[in-house]
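Tertiary structure, described
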Amino acid sequence: MPKLLMGGAEQCVAGVVLDHLGPSLEAYSQRAGLTLLTEAEYPLISSAYSRFWCLTGPSLSILITVRPSAEATSQATQVMLQLFTARETSDEFLRQLSELLPAEAQQRQRLKAVRQSLGDTTPAAQADFLLAWLTMLAEIKPAIACQPVQDRLDRQLERSLLLNQVVTKIQESLDLSVILETTVAEVRQFLQADRLLIYQFDRSRGRALPLDEVLTQTDDGEAASLAEQNGYITYESRATDTLSSVLHYTENFCFSQSPHCRARYLAGQTLTIDDVATAYAHIPCLQAFLEQAEVKSKVVAPILVGQRLWGLLIVHQCEGQRHWENWEIEFLGHIAEHLAIAINQAQLYHQLQQQTQNLEVCVIERTQDLRDALAAAQSANRAKSEFLATMSHELRTPLTYIIGMSATLLRWSLGDLSERQRDYLNTIHTSGEHLLSVINDILEVSKIESGRTVLEVREFSIASLSRQSVDAFRAEASKNGLEVVLDLKLPPDQDKFWADPRRVRLILSNLLSNAIKFTPPEGKVTLQVRREQNVLVFQVIDTGIGIPESAQSLLFEKFQQLENVRQREHQGTGLGLALTKQLVELHGGSIKVVSEVGVGSVFTVRIPLQRLDSNSPIVDVAPVDEPVVGRIVLVEDDEESASLICDMLTAADYQVIWIVDGSRVLDQVALLQPAAVIINVNLTSTNGYDMIESLRYSMNYQRFKILAIIDANASDQEDRAKQAGATDALPQPINPKQLLFTVNRLMKAQTVTDLP
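Just so we're clear, the structure is a prediction, and the values are computed from it rather than from any experiment. (Residues numbered from 1 in each chain as written. Predicted model: local features only at pLDDT ≥ 70, side-chain atom pairs only at ≥ 80, totals over all residues. Heavy atoms only, no water.)

1. A closer look at the overall build of the protein chain
Along the backbone of the protein chain there are 22 helices and 23 strands. Expressed as a percentage of its 756 residues, the buried residues of the protein chain come to 47%. Nonlocal contacts in the protein chain, meaning residues at least 24 apart in sequence, comprise 69% of its contacts between residues at least 6 apart. Approximately 38700 Å² of the protein chain is accessible, and the part contributed by carbon and sulfur atoms is 51%. (Helix = DSSP H or I, 4+ residues; strand = E, 2+ residues; numbered from the N terminus. Buried < 20%, exposed > 50% of the residue type's maximum accessible area, 1.4 Å probe, protein only. Contact = heavy atoms within 4.5 Å. Areas by Shrake-Rupley, 256 points an atom, 1.4 Å probe, with all protein chains shown as cover.)

Now the structure itself:
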């Protein structure tokens, strides 16, 4: 740890100074939160020191002692002040003081506690105290009798201020070049030197010279190893422009020819040369360089960063020989130590920046990988949709012929059919219907996933739809020895409901079919129907085989069969429950299951009322444990853009209904009551701005948000869209991250607006 005062500093002062110094030290101790010990607390102790002050704290240990001075005169009593900043000195003094006290004395316990709390003096705390100390002496300047002392005080104050400036620059800046350049200029000016420079080792290789390499070098070492010891003069400050510059100069192998100098530098010792010509007479290479640079005297302070010799801080005197004083040598060493701290900080900061850049590169690469994976998934999804759309026509058309013609042959033929022929036709007809049902389920799932499904909402009778759904399975249930029961719990005035009746019937059909399939003979399947305000609740209860808890998480996944493939007893593609879940969520509802193996299962479906009243909310809020997913209407006639938007929002659990024809938007929005509408203002079928204005004002419905898709190259489209009534705008081509961020923000704002 660098210190200005490693031992004791003596000053000859008049005795009257002590009368002013004591109160000043007491005031400083209170201001800095230090413990202050004085001789006044120990009057019975006979000591060689007439007075003393000991200031201690976590980061400062100061001892000031007073003894008679040999310079006393008849006019005034002279005393010598000794100032110590080393923790060891204060500790030894307090130990000796404690030994002079009786063992039972209370002061002895206090001294023990103070010794245990002593801490090393830090540079910042030391600099602060020295400034205060010099200020104290300056304020009582008339009482100082020794004339040379004042000059030393002024010089010491200047050194302290300059050192404090260097420390401040190191703490406030991480720009090493600024710190080094400023320090070189200010130190040269303070020392009144002709030239001050920094010699940095191995700058081209970007590293300092390690200790072990230097210590193992000899004068006859290999040239390759010695080359690593080369350096360059990287910073320079000159007193006048007439003095020749040595900036960027390298000494080649001159440094390697002075092994005794290297050893001193590595030990942290400062080298002083009063007469360069005499000192380097045996080193022609170095002497020639110094003569060329007009150097008569010099001081060299090593800059050690960790365990490496980073460089040298060199002072040149060129006008004539100069005898370097002790305080100048000590001061230059402290400057080199603080520069080493700055260099170490800069190196650590550079390493941190490198690690940060490497991390950023990794993040960018990973993000790009995710984008590529997303693009591949979107491409695969589009390929799947295109394949299914193509196959729907290629498969459904011949299947329709097979089903229709086999039914015709069963009802009418040119002659009587044998029993075997009739069985074959029945098998063809039943298999065709089953295959057509599977294809329809696959297509329905595909449409819902791509956001191309639109609910056909209208009013229907709950009781009538429920009876029709149960009646459709009575024959199959009776054939399997099962009982199917309808349990209606509806008041007469609550029978009407708004939803998509065709898809509600499909939901019930899938659940009832599944219950009958997995319920053994003599079992029972019950459809319970009730209404909770504006939520329609269906419960399908069976006494079947039940579902293990470990398998319930896979229940609503596509193409999942919970039975072992080799032991499967029941037919099915594994799409029924997956499709049911999607249809329920398309209504903004929820589905859950409670099951026990060997007892049975209960499937509960909740479907919110799909309102058409413009003053009513889109859907009523379901209970907290069954959240309602926001519905979004997309108006876009570009299939690729629409597919991207549908895929992204569907993956984020939004319900997206894609409308291609802009002429039907008002009717569809009035029917669906969405939370948000996304419109491309550049539609080919209609004017996008007029559509936004109609949605916002003509419908008298202000609660949904409108997001306009604009051309990124058209600067006026965003303003026109917002003037028409759009809540926000999104440039095309669509950025997936920006799309999700904007939609999430609009939907959150929608939720807050809907709160009562």
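2. A short note on the packing of helix 16 (residues 501-517) against helix 17 (residues 576-586)
Axis separation between helix 16 and helix 17 bottoms out at 9 Å; the angle between their running directions is 150°. Pair helix 16 / helix 17 crosses with left-handed handedness. Contacts from Arg-503, Leu-506, Ile-507, Asn-510, Leu-511 and Asn-514 in helix 16 reach Gly-576, Leu-577, Leu-579, Thr-580, Leu-583, Val-584 and Leu-586 in helix 17. Of the residues assigned to the contact of helix 16 with helix 17, the class counts are 8 nonpolar, 4 polar and 1 charged. (Axes fitted to C-alpha atoms, helices over the stretch in contact; angles between N-to-C directions. Left-handed = near helix turned anticlockwise from the far one by under 90°. Nonpolar A, V, L, I, M, F, W, Y, C, P; charged D, E, K, R; others polar.)

3. Things to note about the pairing of strand 17 (residues 590-596)
Across 7 bridges, the pairing between strand 17 and strand 18 (residues 600-608) is antiparallel. Its bridge partner lying in strand 18, Ser-595 is registered against Ser-601. As consecutive antiparallel partners, strand 17 and strand 18 are separated by 3 residues, and within that stretch Gly-598 has a phi angle of approximately 85°, a positive value. (Pairing = 2+ DSSP bridges.)

4. Quick word on the sheet that holds strand 13 (residues 483-489)
Overall, mixed pairing links the 5 strands, which are arranged 13-15-16-18-17 in an open sheet. Either end of the sheet is taken by a strand with one partner, and the two such strands are strand 13 and strand 17. When strand polarity is set aside, the average angle formed by the axes of neighbouring strands in this sheet is 15°. The strands touched by helix 17 within the sheet are strand 17 and strand 18, with strand 17 carrying the most contacts at an inclination of about 140°.

5. Regarding helix 2 (residues 87-99)
Between its first and last C-alpha, helix 2 extends 19 Å over 13 residues, near the 18 Å set by a 1.5 Å rise per residue. Within the span of helix 2, buried status applies to Ser-90, Phe-93, Leu-94, Leu-97 and Ser-98. Buried residues along helix 2 cover an arc of 135° about the axis, so they all sit on one side. (Expected span 1.5 Å × (residues − 1). Arc of directions from axis to C-beta.)

6. So, helix 21 (residues 717-724)
The periodicity of an α-helix, 3.6 residues per turn, causes residues three or four places apart in sequence to face the same way. When we look at burial in helix 21, the residues that qualify are Gln-717, Ala-721 and Ala-724. Taken end-on, helix 21 shows its buried residues confined to a sector of 65°, consistent with a single buried face.

7. Here we look at the pattern of salt bridges
Counting across every chain of the model gives 15 salt bridges. For Glu-99, the salt bridge goes to Arg-95, with nearest N and O atoms at 2.4 Å. Here Arg-95 and Glu-99 lie together in helix 2, a separation of 4 residues that amounts to about one turn. Glu-236 is the salt-bridge partner of Arg-195, the closest N and O atoms lying 3.6 Å from each other. With Arg-195 in strand 6 (residues 195-201) and Glu-236 in strand 8 (residues 231-238), this residue pair connects regions lying 41 residues apart in the sequence. We classify Arg-195 as buried; its relative accessible area is 0%. (Salt bridge = Lys/Arg side-chain N within 4 Å of Asp/Glu carboxyl O.)

8. Comments concerning the nonpolar core
Core analysis: the biggest nonpolar cluster contains 37 residues, and Phe-497, Leu-511, Leu-527, Phe-538, Phe-603 and Val-605 have the highest contact counts within it. Listing elements by their share of this core, those giving two or more residues are helix 14 (462-471), strand 14 (496-499), helix 16, strand 15 (524-532), strand 16 (535-542), helix 17, strand 17 and strand 18. Residue contributions to this core peak at 7 residues, all from helix 16. Ignoring anything within four residues of it in the chain, the contact list for Leu-527 reads Ser-466, Val-470, Val-485, Leu-486, Asp-487, Leu-508, Leu-512, Phe-538, Gln-539 and Val-540. (Core = buried A, V, L, I, M, F, W, Y, C linked by side-chain atoms within 4.5 Å.)

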